[in-house]
Amino acid sequence: MSGIALVPIYLAERRSLLRPLEERLRAAFGVDVEVRRPWFDPDRAYDPSRSQYNSTLLLAQLQGGAGAAYGRVLGVAGVDLFIPVLSYVFGEAQLPGRAAVISLHRLAPEIYGLPADEARLIERVEKEAIHELGHTYGLIHCRQPGCVMRPSTYVEEIDLKGTWFCAECGRAVRPGPSPARGRGE
């Protein structure tokens, strides 16, 4: 299958975010998107000394097993992620490759002491998912201010970028005519 497998990892009550994310990924990449239950044990990526999950270990698990049947696999985690050289990451992807993972944990406004904002959370999740999947297509960070491939170290930087690829990045992901774009391009 050439589509995207969307794999919820410890989402609990946030599972409702998968429906808008499915639709957004279908529009951004022009492929089928299917939600799949994890076929692996995410606890194998847990690091008790940090109370976080190692995103690199999750990537390795995502690409094997049932994930091998898909063109791309995106893990959507409700837990905090890290790589050993950073205290946290919003996501990680193979560059290029097939697997990516994002975390909702630091995308939620309430983690920063702000009121819950479902619309803002959904937009951040969509941006990070498209960004990380863009890496699987071989895209590196983009310098265009509105491009979704612009790097984000802080959540405020996610809010500043657009929800779509710039023209150059878009051609790398979907050669040919670009789909209709949303605001913020």
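Undergrad: Lay out the sheet that holds strand S9 (residues 99-103) in plain terms, naming residues and giving numbers.
TA: With mixed pairing, five strands are arranged side by side in an open sheet as S2-S1-S5-S9-S8. In this open sheet, the two strands that pair with only one neighbour each are strand S2 (33-35) and strand S8 (91-93). The sheet shows a mean angle of 15° between the axes of neighbouring strands, direction not considered. Where strand S5 (residues 72-77) lies against S9, five bridges are found, and the strand directions are parallel. Of the residues in S9, the one forming a bridge with Ala 77 is Ser 103.

Undergrad: Now, about the environment of Gln 94: what can you tell me, with residues and values included?
TA: As for its placement among the helices and strands, Gln 94 is situated in the loop between S8 and S9. Once residues lying within four places of it in the same chain are set aside, the contact partners of Gln 94 are Leu 59, Gln 63, Ala 99, His 135 and Thr 136. For Gln 94, the side chain forms a polar contact with the main-chain nitrogen of Arg 98, separated by 2.9 Å. Only 2.9 Å separates the side chain of Gln 94 from the backbone nitrogen of Ala 99, close enough to count as a polar contact.

Undergrad: Summarise the sheet that holds strand S4 (residues 52-54); cite the residues concerned and give the values.
TA: Reading across from one edge, S3-S4-S6-S7 is the order of the four strands in this open sheet, with mixed pairing throughout. The sheet is open, and its two edges are formed by strand S3 (46-47) and strand S7 (86-89), each paired on a single side. Pairing geometry for S4 and strand S6 (residues 81-83), over two bridges, is parallel. Residue pairing for S6: Asn 54 is matched across the bridge by Phe 82. The strands that helix H2 (residues 55-63) touches are S4, S6 and S7; relative to S4, the one it contacts most, it runs at about 55°.

About the thresholds
Residues numbered from 1 in each chain as written. Predicted model: local features only at pLDDT ≥ 70, side-chain atom pairs only at ≥ 80, totals over all residues. Heavy atoms only, no water. Pairing = 2+ DSSP bridges. Helix = DSSP H or I, 4+ residues; strand = E, 2+ residues; numbered from the N terminus. Axes fitted to C-alpha atoms, helices over the stretch in contact; angles between N-to-C directions. Contact = heavy atoms within 4.5 Å. Polar contact = N/O pair within 3.5 Å; in protein donor to acceptor, adjacent residues only side chain to side chain.

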